[in-house]
Amino acid sequence: MTVLARASEVTRRYGDVVALDRVSLGIGAGELVGLLGPNGAGKSTLINLLVGLRRPTSGTVELLGGSPLDPATRRRIGVTPQETGLPESLRVGEVVDFVRAHYPDPVGGPELLDRFGLGDLAKRQVGGLSGGQRRRLAVALAFAGDPRLVVLDEPTTGLDVEARHALWAGVRAYHEGGGTVLLTSHYLEEIEALAQRVVVMGGGRVLADDTVSAIRGMVGVRRVSLVAERLPELPGVLGSELVDGRTTLVTTDPDRLVVELVRSGAPFSGLEIRPTTLEEAFLTITAKESAHV
Ligand SMILES: Nc1ncnc2c1ncn2[C@@H]1O[C@H](COP(=O)(O)OP(=O)(O)OP(=O)(O)O)[C@@H](O)[C@H]1O
């Protein structure tokens, strides 16, 4: 697979703060990669290095086989940072055309707006858009130049469910057409809904880099829930809670737990075993990591 963006052993310091600590990561052509991590994990710093907005303190960064500092290289990518300012007095269509004019082979203006559910707003002044519409427009602009790689820093922060889904649809359409996407998110369901690959960051390092299901498997925690009057002492239980008469047991070994439960002869009903959500997996990974520090 062709690697479109690569960080090799990259460290970035801001004074005494080590924002990135020897991070290595490659984004292959056609991938949709989610970058997940708590505030301050280093996600934005990594993105800024990959797209050439900052330089690493040490290590190397490659973009489309060249340097991210080269304007010709940067013209072939699209970026939406965490915060953007758009000119209030211009109409949506004018902003789109202004951005499109910077690229040799841009996507058609109406097509771009349609992809992000903004088709009816071309004549509206930017100052008259809602927060959600403005954010969608800012994200849509990253796709204006028909880029090979799109980098989105927290694209759906502040969006309601409907606007978020409209934005996801635009990102998906680009990806299904062969595009490559790197996005950061605090919304775990967003990463699960969009990405095939998840890179979990914490404390300036990559803690895990795998598929959503592999990351769940890595953590290996399952939730066993059932209804029972009384439960015996069971092996491997990390935690338990009782909600509306249902007991949920968190365990790393659900098979053994169920065998022991049946052996105990305690009556129970409604047995369900489910994997942890990505959020639970993520919290476990970061908690483990801080325990090591
Ligand atoms: N310009 C800067 N000057 C000083 N410190 C900075 C600067 N930019 C980032 N940092 C620090 O580097 C660390 C990583 O920050 P970064 O913004 O990359 O994290 P993040 O994962 O994107 O967080 P968030 O989810 O809050 O956006 C933090 O400790 C942050 O305070």
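The shown structure was predicted, so the numbers you read here are calculated from the model rather than taken from an experiment.

(A) Summary view of the overall build of the chain. Secondary structure assignment for the chain yields 10 helices and 13 strands. With the principal axes as the frame, the chain shows a C-alpha extent of 75 × 45 × 35 Å. Each of the 293 residues in the chain was classed as buried or not, and the buried ones make up 46%. Once local pairs closer than 6 in sequence are excluded, the contacts in the chain between residues at least 24 apart make up 65%. As displayed, the chain has an accessible area near 14,300 Å², and 49% of this comes from carbon and sulfur atoms. When the 32 positive and 36 negative side-chain charges of the chain are each reduced to one mean point, those points stand 4 Å apart.

(B) Local environment of the site of the ligand. Taken together, 15 residues sit near the ligand, with Asn 39, Gly 40, Lys 43, Ser 44 and Thr 45 positioned nearest. Within the backbone of Gly 42, a nitrogen or oxygen atom sits 2.9 Å from an oxygen atom of the ligand. Take Lys 43: an N or O atom from its side chain is 2.7 Å from an oxygen atom of the ligand. For the ligand, whose accessible area on its own is 630 Å², the fraction buried by protein is 64%. Going through the elements one at a time, strand 2 (17-28) and helix 1 (43-50) are the ones with two or more residues in the shell around the ligand. With 3 residues, helix 1 is the largest single contributor of residues to the shell around the ligand. Here the shell around the ligand is composed, by residue class, of 5 nonpolar, 7 polar and 3 charged.

(C) Focus on the side chain of Thr 251. Within the element layout of this structure, Thr 251 appears in strand 12 (residues 246-251). Residue classification places Thr 251 among the buried positions, given a relative accessible area of 0%.

(D) Main features of the confidence of the model for the chain. The predicted model of the chain averages 89 in pLDDT, with 91% of residues at 70 or higher. Taken together, the chains of this predicted complex give a pTM of 0.80 and an interface ipTM of 0.96.

(E) Fine view of the environment of Gly 128. Relative to the helices and strands, Gly 128 resides in the loop between helix 4 (109-115) and helix 5 (131-141). Taking the C-alpha atoms as reference, Gly 128 lies 9.2 Å from Arg 91; in sequence the two are 37 residues apart.

(F) Seen up close, the pairing of strand 1 (residues 3-14). Judged from the 8 bridges that link them, strand 1 and strand 2 form a sheet pairing that is antiparallel. From the neighbouring strand, Ala 5 faces strand 2, where its bridge partner is Ile 27. Here strand 1 folds back onto strand 2 in antiparallel fashion, the turn holding 2 residues, of which Gly 15 has a positive phi close to 60 degrees. Where strand 1 and strand 4 (residues 58-63) come together, 5 bridges link them in antiparallel fashion. Note that in strand 4 the partner of Ser 8 across the bridge is Thr 60.

Calculation criteria
- Sequence order as written defines the numbering, with residues in each chain counted from 1.
- The model is predicted, so local features are restricted to residues of pLDDT at least 70 and side-chain atom pairs to those at 80 or more, both for listing and for counting; the totals for chains, interfaces and linings are taken over all residues.
- Hydrogens and water are ignored here; the side-chain numbers use all heavy atoms of the structure.
- Put simply, DSSP marks the helices as runs of H or I at least four residues long and the strands as runs of E at least two long, and each gets a number from the N terminus on.
- Accessible area is worked out with a 1.4 Å probe on protein chains only. A residue is then buried under 20% of its type maximum, exposed over 50%, and partly exposed in between.
- Contacts are assigned to residue pairs that have any heavy atoms within 4.5 Å of one another.
- Each accessible area is a Shrake-Rupley result for a 1.4 Å probe, and residues are judged covered by the shown protein chains and nothing else.
- His is not counted here, nor are the chain ends, while Lys and Arg score as positive and Asp and Glu score as negative.
- Throughout, a charge is located at the NZ atom of Lys, the CZ atom of Arg, the CG atom of Asp or the CD atom of Glu.
- Throughout, the term near means that a residue has one or more heavy atoms lying within 4 Å of the molecule or strand in question.
- N or O atoms closer than or at 3.5 Å make up a polar contact, with two conditions inside protein: a donor-capable atom paired with an acceptor-capable one, and, for residues adjacent in sequence, both atoms drawn from side chains.
- The residue classification treats Ala, Val, Leu, Ile, Met, Phe, Trp, Tyr, Cys and Pro as nonpolar and Asp, Glu, Lys and Arg as charged. All others, Gly included, are polar.
- Scored from 0 to 100, pLDDT records how confident the predictor is in each individual residue.
- In this scheme, strands are said to pair when DSSP sees at least two bridges between them.

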